[in-house]
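The residues making up each chain are set out below.
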Amino acid sequence: MSKFPEHIAIEKSHPTAVLDWHDRFGDRTLIVDGKQIVDVITLLRDSFGYNMLVDLTAVDYFPRRPRFEVVYHFLNVDSHARLRVKVQLEESHPHIASIISLYPIADWLEREAWDMFGIKFDGHTNMKRLLLYESFEGHPLRKDYPKTKRQPLIGPQN
Amino acid sequence: MAPQSQLTSACKPPHLYRLTNRMFVDLGIIIGKIAFVLINILNGAGILTWVERKQSALISDRIGANRASILGIKLLGLVNSLADAMKLIFKEDFVPPKGLRVVHFLAPIFALGPVFLTMAVIPFGPPVDLFGRHIKLQILDLDIGVLFILAFGSIAVYGAMLAGWASNSKYALLGGMRASAQMISYEIILGLSLIGPILAFGTMEPGAMVNAQNEYLWGWIPMWGVIVQPIAFLLFLPAAMAETKRAPFDMPEGESEIIGFATEYSGMRWGMFFLGEFAEIVVLAGVMTAIFFGGYHIPFLFDAVEKTGQAGFHFPWGMYIPLGEWTVIIMRMLAFGAKLAILMWLQMQIRWTFPRFRYDQLMRVSWKEMMPVALVNIAITGLVVLWLNK
Amino acid sequence: MITVKQVREIKLSMWQNTYYPELWRGMVVTSRHFFQNFNRFVGRAIGLKTKRPLVTFQYPEERRPIAPRWRGRHRLMLRPDGAPRCVACMMCETACPDKCIYITAGESLDGRIEKYPVAFELDLLRCCFCGLCVEACPEDAIRMDSGYIDLGGHSRGEFYMDRDFMLKDSALTTHSQYRGELDGVVVTRVDLLAQAKQH
Amino acid sequence: MSELIQSPMMDMSRSLSGQVVTTKFDKILGWARKYSLFQYPFVTACCGMEYMATACSHYDIDRFGAAFARFSPRQADVIWVVGTISHKIAPVLKTIYDQTADPKWVVSFGACASCGGPYDNYATVQGIDTIIPVDVYIAGCPPRPEAVLDGLLKLQDLIQNQKHDW
Amino acid sequence: MSNTDHLPTLDAAVPTYEPEFQQKEMLLNIGPAHPAMHGIIRIQTKLEGELIVESDVEIGYLHRAFEKSCEESTWNQAIIYTDRLNYVSAAINNVGYCMAVEKLLGIELPPRGQYIRTLLCEISRIGDHLTCVGASAMELGGFTVFLYMIKGREYCWELIEEYCGARVTTMATRVGGVPHDLPEGWLDKCLWVIKEVREILAECDILLTNNRIFVERMENVGLMPAEKAIAWGWTGPCLRGSGVAYDVRKDFPYLVYDQLDWEVPVGRRGDNLDRYLVRMEEMEQSCRIIEQCVAKIPGGPINCDNKRVTLPDKKDTYGNIEGLMNHFKLIMYGHGIRVPEGEVYFPVEGGNGELGFYIVSHPDEHSKDGCNDRAWRVRCRPPCLPMVACLPEIINDYMIADIVPTFGSVNMIGGELDR
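Numbering of residues begins from 1 in every chain and follows the order in which that chain's sequence is written. In the order they appear in the text, chains get letters beginning with A and ligands get numbers beginning with 1. With the structure being a predicted model, the display of local features is reserved for residues of pLDDT at least 70 and the display and counting of side-chain atom pairs for 80 or more, all residues being used for whole-chain, interface and lining totals. Calculated side-chain values reflect all of the structure's heavy atoms, with hydrogen atoms and water omitted.

Asker: Sorry if this is basic, but what is going on with the overall build of chain C here?
Answerer: Numbering of helices and strands runs from the N terminus; a helix is a DSSP stretch of H or I covering at least four residues, while a strand is a stretch of E covering at least two. Each helix and strand counted, chain C has five helices and seven strands in total. Ordering the α and β elements of chain C from the N terminus gives β-α-β-α-β-β-α-β-β-β-α-α. Using a 1.4 Å probe on the protein chains alone, a residue whose accessible area is under 20% of its type maximum counts as buried, one over 50% counts as exposed, and one in between counts as partly exposed. When each of the 199 residues of chain C is scored for burial, the buried share is 52%.

Here you go:
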């Protein structure tokens, strides 16, 4: 298992950015320090042509610490290279810098991650819920949110 | 005031003061004609709702309404239209609480009423000699019949516009605005395209126009409006369809865009808009028949007056099939009906073939494309008429 | 190797820009449908043997053929001796993603098998007709091939099905078998056990 | 199971029908209304696909006189609630029900609308009958068009035999 | 005193109108329940006359907790939720999800199973595009086209029904295979359906493609340049409409797509007309793929030969105790398919574009073998979310009426958008 070129390039300019990496199942993955995420992604976009943010999501590994992972999937549409970038976040006040200035689609995807997991994206100007309604309390995809805890707007309460 | 009244009393023909039997008969005839036309339009509109359903069904390989029955009589689904009408009458009549109540009430009447009036000047059959007098099968033979058609056609604009205005709904308002802009624009095309036939036939009276179409170019081509004025017809047809506010000109409703001016109407009041559309189809088919398709005339069929006692087919190659006086009259009335039916079928078929315009494209087509063509057509027609009359 | 195909370019000629030629072409298509159907319709009405005029199936009187594998309303199967095939193993209840099956197991009295369903309830309204219960059943006790497709009702209660209701359809042969490879009477472990006990 | 069967508003609209003696005029009006059902399709999800299929050539809902989809609730007679109703859309459904002009009926189309179906979770309303009264339920996920037509026939039966206000 | 003082001030120069005659922008809500919004979505627009100057999109009306539901159901149970993602082409979702799980398990299907999946995907894709084009044509007023296209879709669904027993929510795959072999005569019927579909496409082509009304409503409306489309994360027919030849089936081949001969249609400008043409052409290409599959499909097993994943043959379940135990083991609560820890992302080409499943398997506290019988997290990368997120960009500065074709060409599917 050898380091892939993106990894080497990032290490050259940001030596502390990459915390871990693997390519299990053929999905090349970098685990990146959350504080340098914008720099890393800028580098990936500009030097390696990862021009499409395919997906941005989060995972809640509940009892584990750090609890949250924000997962970015990038695609180079021309050379068909894929790369996954992960950032681990702590349970208390999870927040990370927004990449909305790099990829416009990050707008909604970050809003969704906020909606579902309660992860704040610093620099996002319109941090509203995307899928649920404003009066909804809690973040349903967190593991400690019960599946059937309903908060109806009208109709019988549970 | 005094001199005027003296004048009028002096000029009044004496028979106006006396109610004679003759007058009652006249009145009866007029009422009869009005009733005949009204019933036919209303029935026609009602049946058209059924025709439309069935036609669209057949176009798309379906069956269409066929399950409603009264005591086992289904009439191929025609009974469904009856159910529709009855249901609409007993449906809750909703008035938007913040809308203009009176206008909201009046709008459907404006939409439906003028449509019937338009039919008054269209001859639906040849003159008949009955009860010892010469009866024209036409309610009103106005010298300015064509203008009458246009005038009452434009009143229908108010229906849609006021409906949109009075509903206190943004969708309805947008629909009403679109309707008024669209109908006024196409009103103009309608008028301009009719000037060609007016020049060609040299009259504005529909009855006379119909009779002018029983002439023959070089003895064998019937001088139908569509033959002497093809461009006028190609302009008139879309303009007329735009007046009916049906696809492809159904912007004012534009169901998938803004839902339309009748958004806030329910029950029979909405039904009147609906019926109005179909009545307009009948009426416009009537107008087109009269002006472009030779009215009640069948090519080479003449009655006793036109061919001095030799009613029947006179073909240009000299063949003559004699027919009875009344046979000719009935054939001509049937011909009128058949032409009407074909034109209504055509309008329906176009409706189920074409997608909808966009608002600005509609305006562009009207003002920038149809208008110049119409003007050129008028100019050319005028020159030709001038040259022919020289 | 990617083979790319550029879509055609739509350039309207001036003639096409008058709307009328395309109207004509479109009318030919719609009119062809219209007259084809109209003629066949009329032909049928006057007793000619025309082709089937339209694609419509007039539902209550005329049924569209349903695929043999169609997953419809559930039915429970019977053993040859008339007892329910179900052994209350709860596999279908476990496999059901909607949790719409409720089984109450009881000790079997005849001793050939351990358990039988005292109650087998199914809330058809919540069911998502995925067929996982059928797949999960080790005894071929539940099938979804009853052929009932008229699933309308006036209240939620009408969609509640109990054991006896589902057993009523056990002999139905409206469909062929759910699994094409199993024709005829299916012999399962329950049957084998029952045979063994009898001898 | 039992609590599922007794939903709070289920029998509201039906409690009168069947017991009240209907007059001759009720019968005639019922006949007209049942064969002229203008529908408001409140289409949200998967069931919409089968709703389309029902309306189209192979099944042709127009045969029952229920062809006109009116997208203004004022002109609609029957609201088809087609698909999952989430808590976010529920107030909209209630508004549309209130806006519909009388007389009106509601058909709950498919498992999700009827009782939440496979979606027993925080986001989904467990049956629209907790919000508005429902006249006909159709099971299936999504129901086959035949099931839909059967539901429509049941609704027509209901309309024919109920007492009508006029 | 400057020499401009004699001029009236600016305020005085502007005549003051009565309030109702002042020009105002109008706010109009389109949706959530609006005929053009197939699916429910709300577009708040600010209008100047008929022009849209500003718009905002709100989604989430069909959020029904797909991801949470998948976390709480076993690997095979979660397939029912994938059915309901893109409900127009459910089989593709089934395939995508199952292939992602299979990637995590490290298993691969025998060729016949792969061909069956390919066939199902392409039939579903035809159905998807027929619905999309038909529905947008209906919203443009061409109701007949819609009816013809749904008629065509009905034929496709007949095939799907015959294969898997359902029309819409197919459950057409299982982890490690497909539930059934093909029924008898199915392949011949496939060819018949393709013939019918091609006929319908030809008819609709006549009714729409060269029609000036249609062309003018579609052409240069909803323009999207290629770079912008990529930055917004567009995929599928919409991206190809903008001229980027990106197709997951070609670029990351799965199933048997690399063994077949077909082309990727791309557009020129990236307007609605291009998206429409790309979809029409893709249906033709799908027909070609199906024809080749029918010709090439091999015999043999359909499920992968792994007793820990695939249910045993029914004969074994009914007949012998090993089969029965295997069966129980795979279905019993807490047992089931055990997937080792790991994470994968697997993209397939859905009806609307790249449909990716990011699946995390992570042992919970009860797990002893480091495996789990249910997903820790199933993330669906919805293909139509980028397009809908971008909707304000392609409807602003057009007219209200342009929302209809643009929205139609974006082909929003509520199920996968809101999950």
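Asker: Sorry if this is basic, but what is going on with the nonpolar core here?
Answerer: As a rule of thumb, nonpolar side chains are buried together in soluble globular proteins. Residues grouped as a nonpolar core are buried Ala, Val, Leu, Ile, Met, Phe, Trp, Tyr and Cys residues, joined through side-chain atoms within 4.5 Å. If you look at the biggest cluster of nonpolar residues, it comprises 296 residues, and the most contacted ones within it are A:Tyr72 and D:Trp80. No other element matches the 13 residues that helix H6 (residues 143–164) of chain E contributes to this core. Counting residues in hydrophobic clusters, the runner-up holds 92 residues, among them B:Met119, B:Val121, B:Ile281 and B:Met288.

Asker: In this structure, what is going on with the environment of E:Gly142? I would like to understand it.
Answerer: Here E:Gly142 is to be found in the loop between helix H5 (111–139) and H6. Residue E:Gly142 is classed as buried on the basis of its relative accessible area, which comes to 5%. The spatial distance from the C-alpha of E:Gly142 to the C-alpha of E:Val264 is 28 Å, given a sequence separation of 122 residues. Setting aside residues up to four positions removed in sequence, E:Gly142 forms contacts with B:Phe354, B:Pro355 and E:Ala137. Between two residues, a contact is recorded if the distance between any of their heavy atoms is within 4.5 Å.

Asker: Before we go on, may I ask you to explain the interface of chain C and chain E in this structure?
Answerer: In many analyses, interface size is given as the accessible surface area lost on bringing the parts together. Each partner contributes residues to the interface: chain C has 55 residues there, and chain E has 69 residues. Between chain C and chain E, the buried area comes to about 5,300 Å², and carbon and sulfur atoms account for 56% of it. Here a salt bridge means any side-chain nitrogen of Lys or Arg lying within 4 Å of a carboxyl oxygen belonging to Asp or Glu. The interface formed by chain C and chain E contains five salt bridges. A salt bridge links E:Glu158 to C:Arg64, with the nearest nitrogen and oxygen atoms 2.4 Å apart. Those elements that place two or more of their residues in the side of chain C that touches chain E are strand E1 (4–6), helix H1 (20–45), helix H2 (91–95), helix H3 (132–136) and helix H5 (189–198) of chain C. Tallying contributions element by element places H1(C) first for the side of chain C that touches chain E, with seven residues. Each residue is assigned to one class: nonpolar for Ala, Val, Leu, Ile, Met, Phe, Trp, Tyr, Cys and Pro, charged for Asp, Glu, Lys and Arg, and polar for all the others, Gly among them. Here the side of chain C that touches chain E is composed, by residue class, of 29 nonpolar, nine polar and 17 charged. Paired strands are those between which DSSP finds at least two bridges. Relative to strand E4 (residues 264–266) of chain E, E1(C) runs parallel, the two being bridged by three bridges. Bridge pairing in E4(E) places C:Gln6 opposite E:Val266. As used here, buried area is the combined drop in accessible area, with a 1.4 Å probe, of two parts when they are placed together.

Asker: What is the right way to look at the arrangement of the chains in this model?
Answerer: The interface with the highest contact count, out of nine pairs of chains in contact, is the one between chains C and E. These two, chain A and chain B, are apart from each other, with no contact and a minimum C-alpha gap of 25 Å.

Asker: In this structure, what is going on with the packing of aromatic side chains? I would like to understand it.
Answerer: Aromatic rings from Phe, Tyr and Trp, taking only the six-membered ring of Trp, are treated as a pair when their centres fall within 6.5 Å; an angle between ring planes under 30 degrees marks them as stacked, one over 60 as edge-to-face, and anything in between as tilted. Scanning the model with the defined rule gives 43 aromatic pairs over all chains in all. Among the aromatic side chains, those forming a connected cluster through ring pairs are B:Trp224, B:Phe233, B:Phe236, B:Phe292 and B:Phe293. We count a charge as sitting over a ring when the NZ of a lysine or the CZ of an arginine lies within 6 Å of the ring centre and within 35 degrees of the ring normal. Between A:Arg28 and the ring centre of A:Phe4, over which it is positioned, the NZ or CZ distance is 5.2 Å.

Asker: So what exactly am I meant to see when it comes to the interface of chain A and chain D here?
Answerer: Listed per partner, the contact involves 18 residues of chain A and twelve residues of chain D. Carbon and sulfur atoms supply 66% of the area that chain A and chain D bury against each other, a total of about 1,200 Å² over both sides. Considering only the side of chain A, the residues that lose the most area to chain D are A:Lys147, A:Arg150 and A:Ile154, jointly responsible for 45% of the buried surface there. The tally of links between chain A and chain D comes to one salt bridge. Put simply, A:Arg150 and D:Asp120 hold a salt bridge, and the shortest N to O gap is 2.3 Å. Polar contacts, as used here, are pairs of N or O atoms within 3.5 Å; protein pairs need one atom able to donate a hydrogen and one able to accept it. Residues neighboring in sequence count only if both atoms are side-chain atoms. At the junction of chain A with chain D, the criterion picks out three residue pairs in polar contact (both at pLDDT 80 or more). For the side of chain A that touches chain D, the per-class residue count stands at twelve nonpolar, three polar and three charged.

Asker: Please explain the pattern of salt bridges as it appears in this structure.
Answerer: As a working rule, side chains carrying opposite charge can pair if their charged atoms are close by. For the structure on display, the rule yields 78 salt bridges over all chains. A salt bridge links C:Arg163 to C:Asp164; the nearest nitrogen and oxygen atoms lie 3.4 Å apart. Salt bridges linked by common partners bring A:Asp27, A:Arg64, A:Glu69, A:Arg84, A:Lys86, E:Lys103 and E:Glu343 together as one network.

Asker: What's the story with the packing of H1(C) against H6(E) in this structure? I'm lost.
Answerer: The relative placement of two packed helices comes down to the angle between their axes together with the axis-to-axis distance. All axes here are fitted lines through C-alpha atoms, helices being fitted over the stretch that makes contact, and every angle between N-to-C directions spans 0 to 180 degrees. The contact between H1(C) and H6(E) brings their axes to 12 Å, and the two run at 60°. Compared by their axis directions, H1(C) and H6(E) come out oblique. Note that H1(C) runs across H6(E); the crossing there is left-handed. Seen from H1(C), the contacting residues are C:Val29, C:Thr30 and C:His33; seen from H6(E), they are E:Thr144, E:Tyr148 and E:Lys151. Partitioned by chemical class, the residues of the contact of H1(C) with H6(E) number two nonpolar, three polar and one charged. An angle below 35 degrees is treated as roughly parallel, one above 145 as roughly antiparallel, one from 65 to 115 as roughly perpendicular, and anything else as oblique. Helix crossings fall into two classes, left-handed where the near helix is turned counterclockwise from the far one by less than a right angle and right-handed where it is turned clockwise.

Asker: I'm lost on empty space enclosed by the protein in this one. Help?
Answerer: The gaps left among the atoms become clear once a water-sized probe is rolled over them. Residue and element names in this part refer to chain B. Detection works on a 1 Å grid of protein atoms alone, calling trapped sets that fit a 1.4 Å probe cavities and calling open sets with protein on both sides within 12 Å along at least five of seven lines pockets, with lining residues defined by an atom within 4 Å of a point. Grid points are joined across faces, edges and corners, and a volume is the space filled by probe spheres set on the points. Following the criterion strictly, the structure yields 14 cavities of 30 Å³ or more and no others. Looking at the second largest cavity, its volume works out to about 170 Å³. What lines the second largest cavity is a set of 17 residues, among which Thr118, Ile149, Gly153, Glu243 and Leu284 lie closest to the centre. At the level of secondary structure, the elements contributing two or more residues to the lining of the second largest cavity comprise helix H4 (101–118), helix H5 (145–166), helix H6 (170–201), helix H9 (230–244) and helix H10 (267–292). For the lining of the second largest cavity, a count of residues per class yields twelve nonpolar, two polar and three charged.

Asker: What should I look at first to understand the sheet that holds strand E9 (residues 377–381) of chain E in this one?
Answerer: Pairing between the strands of a sheet comes from backbone hydrogen bonds, and it takes one of two forms, parallel or antiparallel. Residue and element names in this part refer to chain E. One open sheet holds the three strands; their spatial order is E6-E7-E9, and the pairing between them is antiparallel. Every other strand in the sheet has two partners, leaving strand E6 (342–349) and E9 as the edge strands with one partner each. Sheet twist, expressed as the average angle between the axes of neighbouring strands with direction ignored, equals 15°. Of the pairings in the sheet, the one linking strand E7 (residues 354–361) to E9 comprises five bridges and is antiparallel in character. Considered in E9, the bridge of glycine 356 is made with arginine 381. Most of the contacts of helix H4 (residues 90–105) go to E6, to which it runs at about 150°, and overall it touches E6, E7 and E9.

Asker: What exactly am I supposed to notice about the pairing of strand E2 (residues 78–82) of chain D here?
Answerer: For a regular strand, the rule is simple: side chains alternate between the two faces of the sheet. Residues and elements named next belong to chain D. Here E2 lies mainly inside the structure; five of its five residues are buried. Burial along E2 is two-sided: Val78, Trp80 and Val82 and Ile79 and Val81, pointing in opposite directions, are all buried. Examined bridge by bridge, strand E1 (residues 39–43) and E2 share five bridges and lie parallel to one another. Note that in E2 the partner of proline 41 across the bridge is tryptophan 80. Here a crossover is taken to be right-handed if, once the strands point away from the viewer, the path from the first strand over the helix to the second is traced clockwise. Between E1 and its parallel partner E2, the chain crosses via helix H3 (residues 47–55), and the hand of that crossover is left-handed. Direction of pairing for E2 relative to strand E3 (residues 105–109): parallel, over a ladder of five bridges. Counted as the bridge partner of isoleucine 79 is valine 106 from E3. Where the polypeptide runs from E2 across helix H4 (residues 90–99) and back to E3, its parallel neighbour, the crossover connection is right-handed.

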